[in-house]
Amino acid sequence: MKARPGDGAAETLPRATAVAEPLAAGAFEGLDLLRCARRVGYVFAGGSVRCAFQIGVVEALAELGVRPALTVGASAGAWNAAMVSARIIHRMRYYWKTFVRMPRFDLRNLLVDHSPWRFRRMHKRVFDKFIGRDRFRQPDALPLFVSVTRIRDRENVIFGAHEVDDPLELLLATNYLVPYYTHPPEINGSCYCDGGVSDNAPYEKAFAEGCDAVVLVALKGDSEGQLFKSARDREHVIPPEFASRMVVVRPRHRLPISFTENRWSVLGPLADVGYLRTREVLLAERHPETDLCAKGEAPSAKIERVVNVVRRVFA
């Protein structure tokens, strides 16, 4: 069994050489791209607690010698981006464990946040414990950029964590979703909400900041179709001028994990799947653990189909 980077010997990953596949031509091109790049950007798409998959991806990249120069995050993926930028990769699992073990529902919170959901207070407590408000202004921190949606016009805006007074408010903004949060964070005079609505895969920002290679970690499975970029672009195809300089790591299929899952016994193995899936993408290995697949059609796909029918009827 192979130990995780930064973890103790008691915690182990599935064996990383479970099944061998014939190597295709150019099988290691993605890894060569990342190792030879001057500046590598990590881009983390949103996906609620399914973003635990991204923990294993980061661990595998570190093990393979890939070092990021900056991170970009949207929605729940922004928390992982923040951890990488704060250089606490070795504590990502502990950060997640601490968060999911907290009670998330308390009627007394109605007196504090006007909502029974405690997510704002949970995030504040864990962020202050593991990262801190001033971390991104320190010279050894990596630049962190966060995708948010401006409420008044639904336009996408990307802020640098070093540009705002309180980076925690920025991270809360990109996760703002009713009813779990009731007071939209205000940044520079405007209110913002979930960045995944307007740009859930902001890889262009990494290139604009000088990266010559980008790793995009998304949660929509390969078998589900193209990338979810935004509410208006649900089947996004990366343009050729970017695609040749990118490595995209996604699950093979739709993950059988609820967006509200809070058991580490479920989310921990999902991180392991992310680790193994990264080795598949970069080293052409094959691991049966990555065949994890939810049954049936995604609820979001059903809702979208109904919405499209209604639009055609009233068009």
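Scroll up a little and you will see the structure.
Residues numbered from 1 in each chain as written. Predicted model: local features only at pLDDT ≥ 70, side-chain atom pairs only at ≥ 80, totals over all residues. Heavy atoms only, no water.

**Student:** What am I meant to see in the overall build of the protein chain here?
**Tutor:** Looking only at helices and strands, one finds 11 helices and 10 strands in the protein chain. Per-residue burial for the protein chain yields a buried fraction of 52% across its 315 residues. Long-range contacts, defined here as pairs at least 24 residues apart, represent 73% of the contacts in the protein chain between residues at least 6 apart. Carbon together with sulfur atoms contributes 54% to the accessible area of the protein chain, which is approximately 14,700 Å² in total. (Helix = DSSP H or I, 4+ residues; strand = E, 2+ residues; numbered from the N terminus. Buried < 20%, exposed > 50% of the residue type's maximum accessible area, 1.4 Å probe, protein only. Contact = heavy atoms within 4.5 Å. Areas by Shrake-Rupley, 256 points an atom, 1.4 Å probe, with all protein chains shown as cover.)

**Student:** When you look at the packing of helix α2 (residues 53-63) against helix α4 (residues 92-100) in this model, what are you seeing that I'm missing?
**Tutor:** Two quantities define a packed helix pair, namely the angle between the axes and the distance from one axis to the other. Running from N to C, α2 and α4 point in directions that differ by 165°, and their axes come no closer than 10 Å. As the angle between them shows, α2 and α4 are arranged roughly antiparallel. For the pair α2 and α4, the crossing hand works out as left-handed. Of the residues in α4, those in contact with Ile55, Val58 and Glu59 of α2 are Met92, Arg93 and Trp96. In terms of residue class, the contact of α2 with α4 is made up of four nonpolar, no polar and two charged. (Axes fitted to C-alpha atoms, helices over the stretch in contact; angles between N-to-C directions. Parallel < 35°, antiparallel > 145°, perpendicular 65-115°, else oblique. Left-handed = near helix turned anticlockwise from the far one by under 90°. Nonpolar A, V, L, I, M, F, W, Y, C, P; charged D, E, K, R; others polar.)

**Student:** Would you mind going over the pattern of salt bridges with me for this structure?
**Tutor:** Pairing between side chains of opposite charge can happen when the charged atoms of each approach one another. Under the defined criterion, the tally for this structure stands at 24 salt bridges. When the shortest N-O distance is used, the salt bridge between Arg250 and Asp222 registers 3.3 Å. Here Arg250, found in the loop between β10 (246-249) and α10 (264-283), pairs with Asp222, found in the loop between β9 (213-217) and α9 (240-243); they are 28 residues apart in sequence, far enough to count as distant. For Arg250, a relative accessible area of 9% translates into the label buried. A salt bridge links Asp291 to Arg252; the shortest N-O distance between them is 4.0 Å. Of this pair, Asp291 sits in the loop between α10 and α11 (299-314) while Arg252 sits in the loop between β10 and α10, and the two are 39 residues apart along the sequence. Beyond isolated ion pairs, a larger network of salt bridges with shared partners links Asp222, Arg250, Arg252, Arg277, Glu280, Arg286 and Asp291. (Salt bridge = Lys/Arg side-chain N within 4 Å of Asp/Glu carboxyl O.)

**Student:** Quick question: what am I supposed to make of the pairing of strand β4 (residues 70-74) here?
**Tutor:** Looking along a regular strand, one sees side chains alternate from face to face of the sheet. Burial runs high along β4: five of the five residues are buried. Along β4, one buried face is formed by Leu70, Val72 and Ala74 and the opposite face, lined by Thr71 and Gly73, is buried too. Here four bridges tie strand β3 (residues 40-44) to β4, and the two strands are oriented parallel to one another. Considered in β4, the bridge of Tyr42 is made with Thr71. For the segment spanning β3, α2 and β4, crossover handedness is right-handed. (Pairing = 2+ DSSP bridges. Right-handed = clockwise from strand over helix to strand, strands pointing away.)

**Student:** Help me understand a nonpolar patch on the surface in this model?
**Tutor:** Among the surface-exposed residues, Phe105, Leu107 and Leu110 lie close enough to one another that they form a single nonpolar patch of about 290 Å² accessible area. For Phe105, a relative accessible area of 45% corresponds to the partly exposed category. (Patch = residues over 30% accessible without salt bridge, like charges linked within 9 Å, V, L, I, M, F, W, Y side chains within 5 Å.)

**Student:** It is not clear to me how the packing of α4 against helix α6 (residues 119-130) should be interpreted in this structure. Could you clarify?
**Tutor:** Look at α4 against α6: their axes get within 10 Å of each other, and the N-to-C directions meet at 150°. Between α4 and α6, the crossing angle belongs to the class labelled roughly antiparallel. Relative to α6, α4 is oriented so that their crossing is right-handed. Contacts between α4 and α6 involve Tyr94, Tyr95, Thr98 and Phe99 from the former and Phe119, Met122, His123, Val126, Phe127 and Phe130 from the latter. A breakdown of the residues in the contact of α4 with α6 according to their chemical character gives eight nonpolar, two polar and no charged.

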